[in-house]
Amino acid sequence: MDNRKLISLIVPCYNEEAALPLFYEEAAKVLSALDYDYELLLINDGSKDGTLDVMKRLAAADPHLKYLSFSRNFGKESAMYAGFCNAKGDYVAVMDADLQDPPSLLPRMLEILETGEYDSVATRRVTRKGEPPVRSWFARLYYKIINRISDTDIVDGARDFRLMKREMVDTIVSMGEYNRFSKGIFGWVGFKTYWLPFENVERVAGETKWSFWKLARYGMDGITNFSQAPLMVASRLGFLMTFLAALWLIFIIVRKLIFGDPVAGWASTICVISFIGGLQLFFLGIIGEYIAKIYLETKHRPHYIVSETNDPDAEKIR
Ligand code: UDP
Ligand code: MG
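Described in the following lines is the structure provided in the data block. This structure is a prediction, so every number in the text was calculated from the model and none was measured. Each chain has its residues counted from 1, following the order in which its sequence is written. Going through the entries in the order they are written, you letter the chains from A and number the ligands from 1. Restriction of local features to residues with pLDDT of at least 70 applies here, the model being predicted, together with a cutoff of 80 or more for giving and counting side-chain atom pairs; totals for whole chains, interfaces and linings are based on all residues. Excluded from the side-chain calculations are hydrogens and water; all other atoms, namely the structure's heavy atoms, are used.

### Observations concerning the overall build of the chain
Phase 1 of the analysis: By the criteria applied, helices consist of DSSP H or I runs no shorter than four residues and strands consist of E runs no shorter than two, each listed in order from the N terminus. A tally of regular secondary structure across the chain gives 10 helices and 8 strands.
Phase 2 of the analysis: Throughout, the radius of gyration refers to the C-alpha atoms, and the reference size of a globule is 2.2 Å times the residue count to the power 0.38. For the chain, whose C-alpha radius of gyration is 25 Å, the value lies well above the compact-globule estimate of 20 Å for 318 residues.
Phase 3 of the analysis: Principal axes of the C-alpha set define a box for the chain whose edges measure 95 × 40 × 35 Å.
Phase 4 of the analysis: For the chain, buried positions account for 45% of its 318 residues.
Phase 5 of the analysis: Restricting to contacts in the chain with at least 6 residues of sequence separation, those with at least 24 account for 80%.
Phase 6 of the analysis: Accessible surface for the chain amounts to roughly 17100 Å². Of this, 63% is attributable to carbon and sulfur atoms.
Phase 7 of the analysis: Think of it this way: Lys and Arg go in the positive column, Asp and Glu in the negative one, and His and the chain ends go nowhere. To locate a charge, take NZ of a lysine, CZ of an arginine, CG of an aspartate or CD of a glutamate. Side-chain charges of the chain comprise 38 positive and 40 negative groups, with the mean position of each set lying 7 Å from the other. Three labels apply to residues, based on accessible area from a 1.4 Å probe with only protein chains included: buried if under 20% of the type maximum, exposed if over 50%, partly exposed otherwise in between. Any two residues whose heavy atoms approach within 4.5 Å are treated as being in contact. Surface accessibility in these figures is a Shrake-Rupley result with a 1.4 Å probe; residues are shielded only by whichever protein chains are displayed.

### A closer look at the layout of surface pockets
Left-over empty space is what a probe sized like a water molecule reveals as it rolls over the atoms.
Phase 1 of the analysis: Whether a set of points on the 1 Å grid over the protein atoms alone is a cavity depends on a 1.4 Å probe fitting there but being unable to get out, while an open set qualifies as a pocket with protein on both sides within 12 Å along at least five of seven lines; lining residues are those with an atom within 4 Å of a point. Grid points are joined across faces, edges and corners, and a volume is the space filled by probe spheres set on the points. Here the second largest pocket is characterised by a volume of approximately 270 Å³.
Phase 2 of the analysis: Lining the second largest pocket are 16 residues, and of these Thr224, Asn225, Phe226, Ser227 and Gln228 sit closest to its centre.
Phase 3 of the analysis: Contributing elements (two or more residues each) for the lining of the second largest pocket: helix H8 (212-226) and helix H10 (266-299).
Phase 4 of the analysis: A per-element tally of the lining of the second largest pocket places H10 first, with 4 residues.

### What about the nonpolar core?
Phase 1 of the analysis: The term nonpolar core refers to a set of buried residues drawn from Ala, Val, Leu, Ile, Met, Phe, Trp, Tyr and Cys, joined through side-chain atoms within 4.5 Å. Grouped together as the largest cluster of nonpolar side chains are 39 residues, with contacts concentrated most on Leu9, Leu20, Phe23, Leu40 and Leu106.
Phase 2 of the analysis: With 7 residues, helix H1 (residues 20-32) is the single largest residue contributor to this core.
Phase 3 of the analysis: Phe74, Ile154, Met164 and Val306 belong to the second-largest nonpolar core, a separate cluster that totals 35 residues.

### Details of the sheet that holds strand S2 (residues 37-44)
Phase 1 of the analysis: Strand pairing is assigned whenever DSSP detects at least two bridges linking the two strands. If you trace the 8 strands from one edge of the open sheet to the other, you get S7-S5-S6-S4-S1-S2-S3-S8, paired in mixed fashion. Among the strands making up the open sheet, the edge pair consists of strand S7 (193-198) and strand S8 (306-309). Ignoring strand direction, the axes of neighbouring strands in this sheet form an average angle of 20°.
Phase 2 of the analysis: Here S2 runs beside strand S3 (residues 65-70); their pairing, made up of 5 bridges, is parallel. Comment: axis = line fitted to C-alpha atoms, over the contacting stretch for helices; angle = value between 0 and 180 degrees taken between N-to-C directions.

### Comments concerning the site of ligand 1
Phase 1 of the analysis: The local shell around ligand 1 holds 17 residues, among which Glu16, Asp45, Asp98, Gln100 and Thr208 are the closest.
Phase 2 of the analysis: One of the side-chain nitrogen or oxygen atoms of Gln100 is found 2.6 Å away from an oxygen atom of ligand 1.
Phase 3 of the analysis: Its free accessible area being 530 Å², ligand 1 has 92% of it covered by the protein chains.
Phase 4 of the analysis: Grouping the amino acids of the shell around ligand 1 by side-chain chemistry returns 5 nonpolar, 4 polar and 8 charged. Whether a residue is near a molecule or strand depends on its heavy atoms: it is near if one of them lies within 4 Å of it. Polar contacts, as used here, are pairs of N or O atoms within 3.5 Å; protein pairs need one atom able to donate a hydrogen and one able to accept it. Residues neighboring in sequence count only if both atoms are side-chain atoms. Ten residues, namely Ala, Val, Leu, Ile, Met, Phe, Trp, Tyr, Cys and Pro, are considered nonpolar, four, namely Asp, Glu, Lys and Arg, are considered charged, and the remaining ones, Gly among them, are considered polar.

### Description of the state of the cysteines
Phase 1 of the analysis: Whenever a pair of cysteine sulfur atoms sits within 2.5 Å, that pair is classed as a disulfide. For the structure shown, the criterion picks out 0 disulfides.
Phase 2 of the analysis: Summary of cysteine pairing: Cys13 is not part of a disulfide, and the nearest cysteine sulfur, belonging to Cys85, is at 17 Å.
Phase 3 of the analysis: A residue is classified by how much of its surface remains accessible, and Cys13, at 1% relative accessible area, is buried.

### Quick word on the side chain of Glu39
Phase 1 of the analysis: Looking at where Glu39 falls in the secondary structure, it is placed in strand S2.
Phase 2 of the analysis: Taking relative accessible area as the criterion, Glu39 reaches 5% and is therefore assigned buried.
Phase 3 of the analysis: A distance of 2.7 Å separates a polar atom in the side chain of Glu39 from a polar atom in the side chain of Lys66.
Phase 4 of the analysis: For Glu39, the side chain forms a polar contact with the main-chain nitrogen of Lys88, separated by 2.9 Å.
Phase 5 of the analysis: In this structure Glu39 touches Leu6, Ile7, Ser8, Leu9, His64, Lys66, Asn86, Ala87, Lys88 and Gly89, once residues within four positions along its chain are discounted.

Here it is as structure tokens:
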């Protein structure tokens, strides 16, 4: 056994048969040139194409490569969690399979960690080149909102691509929440993080797994997981409206006492009733979002189920 430090590289893969061989070539080149021992942890997140076959083929030729194959698609968050739970490295990195997270940044990231000043090196895209403008616009707006209403710092343009020390990985593994939003979790656990900016790169092959709506849904999860502000809006607005309604009531009673029968106000009444009804439904919906989360958390279902792996020590369910 060599006694060099071990790097674990976690790669969540969903339908990446086209990109994975290209990724592997690039990553193996960078990793083998380093003065570290390494393991490549490929997570097959229930792909419907030949991703698993590609993994098996690569693993047969390279002892550094381990794969965990899920019994179905559990989502990138679960894939990353499975990686963290099974990574043995002193340093652990997460990286996309499409080369949008350049492996060539790894040596620089390791250098920064080795100075001992930081516990993690995270990456941030400084451009969103090659992305639809509408998507960029919504993304910017989203980061503004979530940073204002949550107490965790979530950096605009932050990628999940980062390199961490063992201590930080252990804390992330210990956070066993079912609804995971890694960008928030990384920030929440704290530790000293160095932000490494880089230019956006387009994926080498295959296509994005995130539609606009899937991203929007994920963004909502980020907000409800790391902020109670939407719930507070309901109570504050409710308080304000009750207060205004009380004033209005006094006004109507006084007017009735002084001027007799008030003017018929059917239309305005309906307006007010439907406005308030709408607001109530809206906030019921927000409360529902949180209750749904609580419901899922209390069921304690596993985050992932591995149905096939070449690692006999793998934790197959967690
Ligand atoms: N991914 C995954 N499970 C999913 C969706 C995506 O493991 O359900 C992986 C995917 O294979 C890729 C990474 O997550 O390695 C990022 O996905 P993608 O490149 O499609 O997202 P984008 O870069 O377009 O935001
Ligand atoms: Mg991508």
